[in-house]
Amino acid sequence: MISFLMLGSLILGLLAWILPIVNLMGYRKNWVILSTASISACGISLLFQLLYAQHLVEINDWSALMDTINTSVFASKTLLIVTLILNVAILFVYRERTVSK
């Protein structure tokens, strides 16, 4: 069950990046909904990372926690920064499209 947290985190993290890329390619008209879904997927993915770390603390698996925490923090920072950059890019692209009409 706990291994699904890592798999879910990976899938939601990828979804958080795929949705804005699809949005930037212009395939969707509902950019607000896709941006909201992207940021939500990012948040849930980060929550799954925290739940996994909490599980390791509860079972007193300190060596696993110490082995994985640096990579987990790096991946979480990268996920959050790239997701925010992509969604801010969408905001600028669609704002200019709306203003120019």
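Think of each chain on its own: its residues are numbered from 1, step by step along the sequence as written. This being a predicted model, a pLDDT of at least 70 is required before a residue's local features are given, and a value of 80 or more before pairs of side-chain atoms are given or counted; all residues contribute to the totals for chains, interfaces and linings. In computing side-chain values, all of the structure's heavy atoms are included and hydrogens and water are not.

Asks: How do you make sense of the overall build of the protein chain when you look at a structure like this?
Replies: Tallying secondary structure elements over the protein chain gives three helices and zero strands in all. Put simply, DSSP marks the helices as runs of H or I at least four residues long and the strands as runs of E at least two long, and each gets a number from the N terminus on. The order of α-helices and β-strands along the protein chain, N terminus first, is α-α-α. For this measure, only C-alpha atoms enter the radius of gyration; the expected value for a globule follows 2.2 Å times N^0.38, where N is the number of residues. For a compact globule of 101 residues, the expected C-alpha radius of gyration is about 13 Å, and the protein chain comes in at 16 Å, more than 25% above that figure. Counting every position in the protein chain, which comprises 101 residues, the buried fraction comes to 27%. Any two residues having at least one pair of non-hydrogen atoms within 4.5 Å are treated as being in contact. In the protein chain, of all internal contacts separated by at least 6 residues, the share reaching a separation of at least 24 is 77%. Note that accessible areas follow from Shrake-Rupley with a 1.4 Å probe, and for residues the cover is restricted to the protein chains shown. When the accessible area of the protein chain is evaluated, it comes to approximately 7,000 Å², of which 73% is carbon and sulfur surface. Here the protein chain contributes 6 positive and 4 negative side-chain charges, whose respective centroids are spaced 29 Å apart. Using a 1.4 Å probe on the protein chains alone, a residue whose accessible area is under 20% of its type maximum counts as buried, one over 50% counts as exposed, and one in between counts as partly exposed. In summary, the charge assignment counts Lys and Arg as positive and Asp and Glu as negative, without counting His or the chain termini. By convention, the point assigned to a charge is CZ for Arg, NZ for Lys, CD for Glu and CG for Asp.

Asks: Can you help me understand the environment of methionine 6 in this one?
Replies: Here methionine 6 shows up in helix H1 (residues 3–24). For the pair methionine 6 and aspartate 67, spaced 61 residues apart in sequence, the C-alpha to C-alpha distance is 15 Å. Methionine 6 has contacts with Gln49 and Tyr52, leaving out every residue within four places of it along the chain.

Asks: It is not clear to me how helix H2 (residues 31–58) should be interpreted in this structure. Could you clarify?
Replies: Note that an α-helix has 3.6 residues per turn; residues three or four places apart therefore point the same way. Helix length check: H2 (28 residues) gives 40 Å between terminal C-alpha atoms against 40 Å at 1.5 Å per residue, within 8%. Here H2 has its buried residues at Leu34, Ser35, Ser38, Ala41, Cys42, Ser45, Gln49 and Leu56. Phi turns positive one or two residues past the end of H2, at asparagine 60, with a value near 60 degrees. One less than the number of residues in a helix, times 1.5 Å, gives the span that helix is expected to have.

Asks: Can you help me understand the packing of aromatic side chains in this one?
Replies: Here the distance between the centres and the angle between the planes together describe a pair of aromatic rings. Pairing of aromatic rings covers Phe, Tyr and Trp, the last through its six-membered ring, and needs centres within 6.5 Å; plane angles under 30 degrees mean stacked, over 60 mean edge-to-face, and all others mean tilted. Applying the stated criterion across every chain, the model contains one aromatic pair. Relative to tyrosine 94, the ring of tryptophan 31 has its centre 5.3 Å away and its plane inclined at 5 degrees; by these criteria the two rings are stacked. Taken as a pair, tryptophan 31 in helix H2 and tyrosine 94 in helix H3 (residues 62–100) lie far apart in primary sequence, 63 residues in all. Given a relative accessible area of 23%, tryptophan 31 falls into the partly exposed group.

Asks: Which parts of the structure should I look at to understand the nonpolar core?
Replies: Most often, soluble globular proteins have nonpolar side chains that are buried together. For our purposes a nonpolar core is just a set of buried Ala, Val, Leu, Ile, Met, Phe, Trp, Tyr and Cys residues, chained together by side-chain atoms within 4.5 Å. Formed by Leu12, Ala16, Ala41, Cys42 and Leu79, the largest nonpolar core amounts to five residues. Broken down by secondary-structure element, the contributors of at least two residues to this core are H1 and H2. Contact partners of alanine 41, with chain neighbours within four places excluded, come to Leu12, Leu15 and Ala16.

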